[in-house]
Amino acid sequence: MDKELLFTGTYFVADRVDGIDKVTGKATYSAEHKLPGMTYAVFVCSTIAHGTIKNMSIAKAKNAPGVLDVIYYQNCPPVPGYNPYAKDPAKKGYEWWGLKVFADNKVVSNGQPIAMVIADTIERAVHAASLVKTTYTAEPFDADFEKLKTDNSKLKNMNNYKRGDADVYKNAEFFVEGEFTVPYETHNPMELQATIAVWDGDDKLTVYDKSQGPKSTQSALAGCFNLDQKNVRVITENVGGAFGSALRSWPNVPAACIAAKKLKRPVKLVLTREQMFTMVGYRPYAWQHIAIGAGKDGKLTGIMHHAISNTSKYEDFGEGIVNASQFMYACPNVNTTYKLLPLNINTPTWMRGPGPATGCVALECALDELAYKLNIDPIELRMINHTDVNPVNNLPWSSKFLKECYQLGKEKIGWQNRPMVPGSLKENGMLVGYGMAVGVFGAGRGQASVKGILKSDGTLLLQSAVSDMGPGTSTAMVKIGAELMGIPQGKVAFELGDTDLPPGPTQGGSGSTSAVGTAITAVCNEMKKRLAELAIEHVSTFKN
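Just so you know, these numbers come straight off a predicted model, no measurement behind them.

Colleague: Any chance you could explain the nonpolar core here in plain terms?
Modeller: The nonpolar side chains of a soluble globular protein tend to be buried, and buried together. Residues Phe-43, Met-116, Leu-221 and Phe-225 are the most contacted members of the largest nonpolar core, which totals 38 residues. If you list the elements that add at least two residues to this core, you get strand E2 (39–45), strand E6 (113–119), strand E11 (194–200), strand E12 (204–209), helix H5 (214–224), strand E13 (232–235), helix H6 (252–263) and strand E14 (267–270). Here this core gets eight residues from one element, more than from any other, and that element is H6. Beyond its immediate sequence surroundings of up to four residues, Leu-221 is in contact with Trp-96, Leu-205, Val-207, Val-232, Val-253 and Cys-257.

Colleague: Sorry, what's going on with the packing of aromatic side chains here?
Modeller: Each aromatic ring pair is described using two quantities: the centre-to-centre distance and the angle formed by the ring planes. Counted under the stated rule, the structure contains 10 aromatic pairs. When the centroid spacing of 5.6 Å and the interplanar angle of 85° are considered together, the rings of Tyr-72 and Tyr-73 count as edge-to-face. On the basis of an interplanar angle of 50° and a centroid distance of 4.5 Å, the ring pair of Phe-145 and Tyr-285 is categorised as tilted. Separated by 140 residues along the polypeptide, Phe-145 in helix H4 (residues 145–148) and Tyr-285 in the loop between strand E15 (282–283) and strand E16 (286–294) bring together distant segments of the chain. We note that Phe-145, like Tyr-285, is buried. An aromatic cluster is present here, built from Phe-145, Tyr-184, Tyr-282 and Tyr-285 joined pairwise through their rings. The ring centre of Trp-97 lies 3.9 Å from the NZ or CZ of Arg-248, which sits over that ring. In this structure, Lys-261 packs its charged tip against the face of Trp-199, placed 4.6 Å from the ring centre.

Colleague: It is not clear to me how the pairing of E14 should be interpreted in this structure. Could you clarify?
Modeller: Two faces, one strand: in a regular strand the side chains alternate between the faces of the sheet. Summarising the sheet, E2 and E14 pair through three bridges and their orientation is parallel. Paired with Thr-39 across the bridge in E14 is Val-267. As judged from the four bridges shared by E11 and E14, these two strands associate in the antiparallel manner. In the sheet register, Ala-197 faces E14, and the bridge partner there is Val-267.

Colleague: Would you mind going over helix H8 (residues 356–374) with me for this structure?
Modeller: The periodicity of an α-helix, 3.6 residues per turn, causes residues three or four positions apart to be oriented the same way. Over its 19 residues, H8 extends 26 Å from the first C-alpha to the last, a length consistent with the 27 Å expected when each residue adds 1.5 Å. All of the buried residues along H8 are Pro-356, Thr-358, Gly-359, Cys-360, Ala-362, Leu-363, Glu-364, Ala-366, Leu-367, Leu-370, Ala-371 and Leu-374. Close packing links the buried residues of H8 with strand E9 (174–182), E15, E16, strand E17 (300–312), helix H7 (323–327) and helix H9 (378–384). Downstream of H8 by one or two residues, Asn-375 has phi in the positive range, about 60°.

Colleague: Would you explain the environment of Asn-110 in this entry?
Modeller: Tracing the backbone shows Asn-110 in the loop between strand E5 (106–107) and E6. Within polar-contact distance, the side chain of Asn-110 engages the backbone oxygen of Thr-47 at 3.4 Å.

Parameters at a glance
- Residues numbered from 1 in each chain as written.
- Predicted model: local features only at pLDDT ≥ 70, side-chain atom pairs only at ≥ 80, totals over all residues.
- Heavy atoms only, no water.
- Core = buried A, V, L, I, M, F, W, Y, C linked by side-chain atoms within 4.5 Å.
- Buried < 20%, exposed > 50% of the residue type's maximum accessible area, 1.4 Å probe, protein only.
- Helix = DSSP H or I, 4+ residues; strand = E, 2+ residues; numbered from the N terminus.
- Contact = heavy atoms within 4.5 Å.
- Phe/Tyr/Trp six-rings, centres within 6.5 Å; stacked < 30°, edge-to-face > 60°.
- Lys NZ or Arg CZ within 6 Å of the ring centre and 35° of its normal.
- Pairing = 2+ DSSP bridges.
- Expected span 1.5 Å × (residues − 1).
- Polar contact = N/O pair within 3.5 Å; in protein donor to acceptor, adjacent residues only side chain to side chain.

Written out as structure tokens, the structure reads:
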């Protein structure tokens, strides 16, 4: 065949192929791209938690060797996304989601970026940043979660749910009640958040960025800088770990774009490890109060679950912490509440198993305590209260194999050897134990597009603008394509991480393989159909 077959379409929907590149250093990450005229930016961060900037002395920094500029609130160029209502009324207003870096002199958290030094080398930028001196008007701040969680004037109500009657557990034959806390857990993958921004004139922007969603980053930047989306290109060839930290854009992204536009040169901005604790999201601190009541037969009669988690002062971030208690088990009476406590710290974000995982800690621990009180095996208690429909809407689950999971788990772990009394089993003089718990998370599938190119040498190229934060998306897509086309994996390549490719979903919620894999399936099936048609056409032509 002397021509390429090209297929595109949008559908709802061995070995690591990138392994050698990653272990040999050949793989290129966002901060490793080299561009002509590259400059280097470093953040200057606040040293107070709340207040205003009274004065910022930048003269020494600006006059330091190699320094090109010092950007802060008094000289930051206008950013359309900071003031969306001043934009072209013919276009939809877009407000930047998150901290509006350098927008004003307000300080809302310790470690907030308040200035940015740009120099011709990273070393000169770091030195000059140390020369910036700031005085503040400090104001009282909120940071003590445990102290403030009881102050209703500080709390924001996010969600109330009630099925049946509230607090029925109090009248149950047996009930347990307790408080649980899940501490802050900060994202710190190997690769730091990094952005390189370069403008082509005033209306075309290319960004090399650590992102779990190149297309979502493209959309956010297009809105923020009032650009046509087609004029924004986001490249994310490799992601050095994320699991939530790169689901959204942090202050380094707009800041690098602001500087690059002002200087008319490429700007690289990489957060330090310390700044990962104050600018990149984390699993929020969560306090939970849960109570569960049951009859002596183990059937649940009432569940109460209240939760509070923190957010920042400048935006709300909430998770479905109490949601699992609403539907996990058959119970006629359930009441839950969820509230946010804004604090003078940076905004939380999703972390592997967000929301429901936090809530299941309290729910499953309480169920274990109830099982002990009832003298019922913990797995048996869960079997007694198993539900084949979602109690919230009475609809059946699309799939549910918990019973099979219980049985298999019991067999694999030797559950029959587990004594009912905690602390009664020893091995080699040490206390050991058997435990189990149920976790839950939504199964979603987004929209994905894939382009397939079958070349005359028998190789197949698949393309989609999804990223790979580490789970092996490239490998999975190569395997799917190879299996569908009946060709060796070595003849299949998957190109990703570039918004110039067909749109792909943001990688999160364990949905990338199902979404992109479905699109690849559709494209490969269409490709085989077209190949069959060409073969028939070729045979007919030959016979004639």
